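# Residue-level structural notes
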Amino acid sequence: MTSLTDTRLSQSLEENLNLLKEELGYGISFDVLVREFQIADKDAALVFLDGFAKDEAITEILKALFRADRSEIRPNTVGRVIREHLPYLEIETAGTYSQVIEQILAGPAVLLIDGEADAIIIDSRTYPGRGSEEPDLERVTRGSRDGFVETIIFNVALIRRRVRDPRLRVQIAQVGRRARTDMGILYIKDIANPQLVQKTVDRIKSIQVDAVTMGEKTVEEFLIPRRQRWNPFPLVRYTERPDVAAQHLFEGHVVVVVDTSPSAIILPVTLFHHLEHAEEYRQAPTVGAYLWLVRLLGILISWIGPPLWVYLAQHQEQLPAGLRFLGPDKVGEIPLVWQFVLVELGIDLIRMALIHTPNALATSLGFIGAILLGDMAVEVGLLARETIIYVSLAALGTFATPSLEFGLAVRLVRLVLLAAVGLAGGIGLAVAAGLILLVLMVSRSFGVPYLWPLIPLNLKALATILIRRPVPTRFSRPSILRPQDPDLRPGGK
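Residue positions are counted from 1 within each chain, in the order its sequence is given. Confidence filtering applies because this is a predicted model: local features only for residues at pLDDT of at least 70, side-chain atom pairs given and counted only at 80 or more, and all residues used for totals across whole chains, interfaces and linings. Heavy atoms throughout the structure, all of them, feed into the side-chain values; hydrogens and water do not.

The next subject is the overall build of the chain. Helix and strand definitions here come from DSSP, where helices need a minimum of 4 consecutive H or I residues and strands a minimum of 2 consecutive E residues; each element is numbered from the N-terminal end. Regarding its fold elements, the chain presents 14 helices and 12 strands. For the radius of gyration, the atoms used are the C-alpha atoms, and the globule rule reads 2.2 Å times the number of residues raised to 0.38. Computed over C-alpha atoms, the radius of gyration of the chain comes to 29 Å, more than 25% over the 23 Å expected from 2.2 N^0.38 for 493 residues, which places it beyond the range of a compact globule. Oriented by its inertia axes, the alpha-carbon framework of the chain measures out at about 100 × 60 × 40 Å. In this scheme, a residue with accessible area under 20% of its type's maximum is buried, one over 50% is exposed, and one in between is partly exposed, where area comes from a 1.4 Å probe on protein chains only. When burial is assessed residue by residue, the chain has 47% of its 493 residues classed as buried. Note on definitions: a residue-residue contact is assigned when non-hydrogen atoms from the two residues lie within 4.5 Å. Residue pairs at least 24 apart in sequence account for 64% of intrachain contacts in the chain once pairs closer than 6 positions are excluded. The Shrake-Rupley method, run with a 1.4 Å probe sphere, supplies the accessible areas, and residue values consider only the shown protein chains as cover. Counting every atom, the chain has about 25,300 Å² of accessible surface; 59% of that belongs to carbon and sulfur. Under the counting rule used here, the positive set is Lys and Arg, the negative set is Asp and Glu, and His together with the chain ends is not counted. All charge positions are set by atom: Lys at NZ, Arg at CZ, Asp at CG, Glu at CD. If the 52 positive side-chain charges of the chain are averaged to one point and the 55 negative ones to another, these points end up 8 Å apart.

Have a look at this one:
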């Protein structure tokens, strides 16, 4: 197709069809269809893909074209056919072979007329896909139950339903030299920082790859600078909820949606964005603040609790009398720190096995992994009971965040800290914790410090994050985003 990039269509219908049939594999690929007919006394053809064709629309279009008279399509055949004989809304023209082939593969039907060097693009496609339903990872007890699906048009519509602002912009881009996957870049024109928008657009347009087969995750790896691609902490946030995407748009973020992916990318983000959940804003402010603090506490315990407990259990002589209960009476056959590592790896193995297990067997597998194996390991003396308790508590804290990516990063960091305790004791724990903190401090998401508003310190913004305030008392957007309109309410009062 590269040789056809700038090649204009011929005025000969036969020549155009022969080339398109060869490029598209007509006669080999069963879903490439060519419907030849006449408009008045002119030969014409519709070229389209069977899987995207909407039968009713194609039938109505053909009926309208069959009724055309010779005098009604001359002169300026293409223009008059569009204005007077095509009863359809989404119509445009294309003048090169590459444009026509690209449109056909994207789903629209292409009308070619003999004697005309412009093709008519009719977007009569229908998308295969499932209905919108509540995302598994971001469930709420009260709130909307619709979630993103695998079709970009539907996902943009779900956002527009919540953002009826004429300044909402949806820039379209196609990524992948072969796949040509559609992507939408969403932002509110008079809120989002223009430099942030331009940086996002430039990075997306600079993606050089055959295909983004893993959807938004592949795109993320191109958006993140090369020096940060091995960073375990997620530098963008994913959401499957259109209300969450809309809320971030109003704050000044940029949202990226990728066709075939049921998740949207939100950028830039900080660590604290991964701790937020829609449930907090569906409850009273006091309850929402409580839920957030419980989540934060659970994640902190999950992060540092097991390695710190292991260190203290191994050095009970350094503890005051009131804390000497820490640590098991009987350690077991395996050193305590490696018990934690073994159980952590076991939990990950069970989690991966459950993903690939049919629903009918998932409960049985969970029972086998969590009850039988864990209980038997304690009974035979391989593990201490406290190990099972604290690893289970850490696992609960890991799943307290709605961000799966952040939860996995926390688990990985916990393993690193456990290994550091096992290899070098307290010094190893301090050094590993310091290195992880350093990684967090130097990490940036599109120029935004990852630990903001803690580092650099912004007490006002930090208080807003730590204590869920009533919406009517929130007047400003996050200053770190440098929004064009910093006020959430008219007049800023």
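Okay, the nonpolar core next. Across soluble globular proteins, nonpolar side chains have a tendency to be buried as a group. The nonpolar core is taken to be a set of buried Ala, Val, Leu, Ile, Met, Phe, Trp, Tyr and Cys residues, with the residues joined through side-chain atoms within 4.5 Å. Ranked by internal contacts, the top residues of the largest apolar core, which has 62 residues, are Phe-233, Leu-267, Leu-271, Trp-303 and Phe-406. No other element matches the 13 residues that helix α13 (residues 404-442) contributes to this core. If near-sequence neighbours (up to four positions away) are discounted, Phe-406 is found in contact with Phe-233, Pro-234, Leu-271, His-274, Leu-275, Ile-299, Trp-303, Thr-401 and Tyr-450. Ranked by size, the runner-up nonpolar core spans 21 residues in total, among them Ile-159, Val-163, Ala-264 and Ala-278.

Within this analysis, patches are made of residues with over 30% relative accessible area and no salt bridge. Like charges are joined at 9 Å or less; nonpolar side chains (Val, Leu, Ile, Met, Phe, Trp, Tyr) at 5 Å or less. The term salt bridge refers to a pairing of a side-chain nitrogen on Lys or Arg with a carboxyl oxygen on Asp or Glu at a separation within 4 Å. Together, Glu-14, Glu-15, Asp-43 and Asp-114 make up a region of like negative charge exposed at the surface. Structurally, the position occupied by Asp-43 is in strand β2 (residues 42-49). The class for Asp-43 is partly exposed, based on a relative accessible area of 38%.

According to the stated counting rule, one finds 24 salt bridges in the structure shown. A salt bridge links Arg-178 to Asp-210, with the shortest nitrogen-to-oxygen separation between them at 3.7 Å. Here Arg-178, found in the loop between β6 (168-175) and β7 (181-188), pairs with Asp-210, found in the loop between α6 (194-205) and α7 (216-223); they are 32 residues apart in sequence, far enough to count as distant. Given the relative accessible area of 36%, Asp-210 is considered partly exposed. Its salt-bridge partner being Glu-344, residue Arg-414 comes within 2.5 Å of it at the nearest N-O pair.

Here we take up the side chain of Ser-124. Structurally, Ser-124 can be placed in the loop between β5 (119-122) and α5 (152-160). Leaving out residues up to four positions away in the same chain, Ser-124 has contacts with Phe-52, Lys-54, Ala-57, Ile-58, Tyr-88 and Ala-109.

Attention now moves to the sheet that holds strand β10 (residues 264-267). When DSSP finds two or more bridges between two strands, those strands count as paired. Judged by pairing direction, the sheet is antiparallel, and its 5 strands sit side by side in the order β6-β7-β9-β10-β8 without closing on themselves. The open sheet terminates on both sides in strands that have one partner only, identified here as β6 and β8 (237-239). For this sheet, the mean inter-axis angle between neighbouring strands, taken without regard to orientation, is 25 degrees. Interaxial angle, 0 to 180 degrees, is taken between N-to-C directions of lines fitted to C-alpha atoms, where a helix line uses only the stretch in contact.

With 8 of 10 residues buried, helix α8 (residues 242-251) is to be regarded as a mostly interior element. Buried residues of α8: Pro-242, Asp-243, Val-244, Ala-245, Ala-246, His-248, Leu-249 and Glu-251, and no others. Those residues of α8 hidden inside the fold are in contact with α5, β6, β7, β8, β9 (254-258) and β10.

At the junction of Arg-74 and Pro-75, the peptide bond is cis and its omega measures out at -10 degrees in the coordinates. With respect to the helices and strands, Pro-75 occurs in the loop between α2 (55-66) and α3 (77-84). That bond from Leu-267 to Pro-268 is cis: its omega, -10 degrees, falls within 30 degrees of zero. Looking at the element boundaries, Pro-268 is found in the loop between β10 and α9 (285-314). Although it is not a glycine, Thr-260 sits at a positive phi angle of roughly 80 degrees.

Turning to the environment of Leu-488, a few remarks are in order. Of note, Leu-488 is situated in the segment after α14 (459-466). For the pair Leu-488 and Val-471, spaced 17 residues apart in the sequence, the C-alpha separation amounts to 9.9 Å. Not counting the four nearest positions on each side in its chain, Leu-488 is found in contact with Phe-250, Arg-474, Phe-475, Ser-476 and Arg-477.

What follows concerns the pairing of β10. By the alternation rule, side chains of β10 split into Ala-264 and Ile-266 and Ile-265 and Leu-267, which are all buried. In this structure, β8 lies alongside β10, joined through 3 bridges in antiparallel fashion. Residue pairing for β10: Tyr-238 is matched across the bridge by Ile-265. The sheet contact formed by β9 and β10 spans 4 bridges and is antiparallel. Along β10, the bridge assignment pairs Val-254 with Leu-267. The antiparallel hairpin formed by β9 and β10 contains 5 residues in its connecting segment, where Thr-260 sits at a positive phi of about 80 degrees.

Turning our eyes to something else, we now look at the sheet that holds strand β1 (residues 32-39). On the basis of which strands lie adjacent, the open sheet formed by 5 strands has the order β1-β2-β4-β5-β3 and antiparallel pairing. Looking along the sheet, the strands with just one partner apiece sit at the ends: β1 and β3 (91-94). Sheet twist, expressed as the mean angle between neighbouring strand axes with direction ignored, is 25 degrees. Note: β1 against β2, 8 bridges, orientation antiparallel. Each bridged residue has a counterpart across the sheet, and for Phe-37 the counterpart in β2 is Ala-44. Against the sheet, helix α1 (residues 13-24) touches β1, β2 and β4 (109-113), its axis set at about 15 degrees to β2.

Let us now look at the environment of Thr-77. If you trace the backbone, Thr-77 turns up in helix α3. Using a relative accessible area of 4% as the deciding quantity, one classes Thr-77 as buried. Taking the C-alpha atoms as reference points, Thr-77 and Ile-113, separated by 36 residues in sequence, lie 8.5 Å from one another. With near-sequence residues (within four places) excluded, Thr-77 lies in contact with Lys-42, Ile-113 and Glu-116.

Tracing the sequence through the fold places Gln-228 in the loop between α7 and β8. If near-sequence neighbours (up to four positions away) are discounted, Gln-228 is found in contact with Leu-235, Ser-443 and Arg-444.

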